[in-house]
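What follows is the residue order along each chain.
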Amino acid sequence: MATDDPHTSWRASAVVSAEGGDLRIAEAELAAAASSRDPERVADAASRHFWPLLTEWPGDLEAILASLPDATLARHPILAVLHPMAAALGVAEPPAVERTAEDRAKRLQYLAVKMIAARRRGDVASALGAADRLTAALSVPRVPSIAIARGSIPFTFAQISITRLLAGESLAALRAAMAARHLAEHSPTSPVIRLALALTAVAHAVRGSLAEAELALAEGLDLPMGARWFAGSTRAAERVAAELVGVERADPESLQTLRGGDWKAQAGEFWPLAMLARARAAIVRGVAADALEIVCAAVDGAPGQGLAADVSMSQCIEAHLALQDVTGARAIAEQLRAPGLLTAVALAKLRLVGGDPARALAELRRLSAARTLPPAQREEIQLLGVWIRADLGGGLDVADASAIARLVEGTARRRLLAVTLPVHVRDAIEVHLRDDELALFRRSLKPLPALRNESPPPPLSRSELRVLQALVDRASVDEIAQSLFVSRNTVKTQLRTAYRKLGAHTRDEAIAAAIRWSLLDGPRPRR
């Protein structure tokens, strides 16, 4: 925590470790500069020892940034880019002249801090641009070994991983986290190792590789947290990874834990993923309205960029679908311009629920063609494909049923199965299961609130059910009236009442709702 006397704070915060010599030098030079009360000398010392300030004494760094005149900051881009008013100051990027290894190290340092500063402002696009440049620069074998030894390069890879995560690039985030860990192992006591393991766990959890996420979390338990920067980011990443795994497994304790509290502050930069865990937990608990409230409270206006936008849009669509509010889900879909992966899968599900399986199938095929599609989304697409086959022509077979039953084996995909498939599809799956598979399938899904609390079908009269069934096979109200030997007005009245009870506004919505509640005699025919 910063004090009025930077010298006192730095001395009190000094950490003796394998890199303690560097920290003691930084402490002495920063204290001497502070004693001189010369802004230029303070800025020069802060620029030279920027990493210790950022990672060990962040409060003192903030105090230095606030004390320096604009003219001084302009001569030290590494400090200016992290200033809260950096956008207004118009910080100029340092020249790309790299005469020495030290020049190259400074340039890498500047790009890393620019990336961090952009993330703090919520500008994910700019942060991602800096991450791209850093990744390209760090792939060149001329990275100064001194920067690796002092920990700045492993730390930079960890920050690239966070940026990739927040941009929705989970595979690239995983690769950067693994690189951070590999480089940090040059110093066994480096706090970057535990942070890198935490980020590895988060990336695996986001992608649906739950066992790998749990392994990374367990491996980091006995490693040092490090100073304030590392400790805060590491704790937040570990907490979010554990939450995502618990929700995906639909663990009852996790589902109950993820409600209330100041979770957004605890999650720090990882709040979009904490929001994802809580929204999913609410839907599985059978209280989808709470998921909408969680998203609205967390986003507080525009959904932002990258992962935050993808999570908020996808979970709003999922919550509306869980509430059988197709109209509300469509209203959200109409706002979308370039949906992320989570939202794209949710949109395909919306097409299916809304009575357009052919379009849903086309979108799912496009998504599944991606070579880097995460396991969770690949399996969700598999589930939706089974639903489509069930609705289009009753084409489920033993292979389909056995594949779906295996998804819940060991609790790995209990949330996904519970919230993806409607009752009539689950019933169709059970018909094709062997006795042992059926017992496991039912035992795995029985405890889930999302299944126990499914609302009962609306109380349609016999005449309303009859006219609804005719709606599937007849093109117009006149044809329905002729087939049932009633008047046109009678058909219109009965359809209007049936629509109201089903919460539908269109023919397709009514048929989709009737299918969801197994009210029709047979599957919807092909278009």
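Residues numbered from 1 in each chain as written. Predicted model: local features only at pLDDT ≥ 70, side-chain atom pairs only at ≥ 80, totals over all residues. Heavy atoms only, no water.

Novice: A description of the overall build of the protein chain should follow, citing residues and the corresponding values.
Specialist: Of regular secondary structure, the protein chain possesses 34 helices and zero strands. Scored against the burial criterion, the 527 residues of the protein chain give a buried share of 54%. Accessible surface computed for the protein chain: about 23700 Å², of which carbon and sulfur atoms make up 54%. (Helix = DSSP H or I, 4+ residues; strand = E, 2+ residues; numbered from the N terminus. Buried < 20%, exposed > 50% of the residue type's maximum accessible area, 1.4 Å probe, protein only. Areas by Shrake-Rupley, 256 points an atom, 1.4 Å probe, with all protein chains shown as cover.)

Novice: Give a description of the packing of aromatic side chains that names residues and reports values.
Specialist: All told, the structure shown has zero aromatic pairs when counted by the stated rule. Above the ring of Trp271, the side-chain terminus of Lys264 is found at 4.3 Å from the ring centroid. (Phe/Tyr/Trp six-rings, centres within 6.5 Å; stacked < 30°, edge-to-face > 60°. Lys NZ or Arg CZ within 6 Å of the ring centre and 35° of its normal.)

Novice: With reference to specific residues and values, describe unusual backbone geometry.
Specialist: Of note, the phi angle at Arg37 is positive, near 55°, even though the residue is not glycine. Residue Arg37 is classed as exposed on the basis of its relative accessible area, which comes to 73%. Although it is not a glycine, Phe485 sits at a positive phi angle of roughly 60°. Inspection of the secondary structure assignment puts Phe485 in the loop between helix 32 (477–484) and helix 33 (488–502).

Novice: Break down the side chain of Arg415 for me, with residues and values.
Specialist: Here Arg415 shows up in helix 27 (residues 414–420). Residue class for Arg415 comes out buried when judged on its relative accessible area of 7%. Here the side chain of Arg415 touches Glu248 through a polar contact of 2.9 Å, side chain to side chain. Discounting residues that sit within four places of it in the chain, Arg415 has contacts with Val247, Glu248, Ala250, Arg280 and Val284. (Polar contact = N/O pair within 3.5 Å; in protein donor to acceptor, adjacent residues only side chain to side chain. Contact = heavy atoms within 4.5 Å.)

Novice: Got a sec to walk through the nonpolar core? Specific residues and values, please.
Specialist: Residues Leu54, Leu79, Leu199, Ile317, Ile404 and Ile429 are the most contacted members of the largest nonpolar core, which totals 146 residues. Broken down by element, this core gets its largest block of residues, 11 residues, from helix 14 (residues 192–207). Excluding its chain neighbours within four sequence positions, the residues that come into contact with Ile429 are Val386, Leu396, Ala401, Ile404, Leu421 and Phe441. Of all hydrophobic cores here, the second largest spans 21 residues; its members include Leu484, Ala498, Ala510 and Ile515. (Core = buried A, V, L, I, M, F, W, Y, C linked by side-chain atoms within 4.5 Å.)

Novice: Can you lay out the packing of helix 32 against helix 33 for me, pointing to particular residues and giving the numbers?
Specialist: The interhelical angle for the contact between helix 32 and helix 33, taken along N-to-C directions, is 105°, at an axis separation of 8 Å. Classified by the interaxial angle, the pair formed by helix 32 and helix 33 is roughly perpendicular. Along the contact surface, helix 32 presents Val477, Asp478, Ile480 and Ala481, while helix 33 presents Arg488, Val491, Lys492 and Leu495. Grouping the amino acids of the contact of helix 32 with helix 33 by side-chain chemistry returns five nonpolar, no polar and three charged. (Axes fitted to C-alpha atoms, helices over the stretch in contact; angles between N-to-C directions. Parallel < 35°, antiparallel > 145°, perpendicular 65-115°, else oblique. Nonpolar A, V, L, I, M, F, W, Y, C, P; charged D, E, K, R; others polar.)

Novice: Any details on the environment of Arg48? Residues and values, ideally.
Specialist: As for its position among the elements, Arg48 is in helix 3 (residues 39–48). For Arg48, the side chain forms a polar contact with the side chain of Glu29, separated by 2.6 Å.

Novice: Requested: an account of the packing of helix 12 (residues 152–166) against helix 14, with residues and values cited.
Specialist: It is the contact of helix 12 with helix 14, at a shortest axis distance of 10 Å, that shows an interaxial angle of 20°. The angle between helix 12 and helix 14 falls in the class roughly parallel. As for how helix 12 packs across helix 14, the hand of that crossing is left-handed. Touching Pro154, Phe155, Ala158, Ser161, Ile162 and Leu165 of helix 12 are Val192, Leu195, Leu199, Val202, Ala203 and Val206, all from helix 14. Partitioning the contact of helix 12 with helix 14 into residue classes produces 11 nonpolar, one polar and no charged. (Left-handed = near helix turned anticlockwise from the far one by under 90°.)

All we've got here are geometric facts, nothing functional implied.
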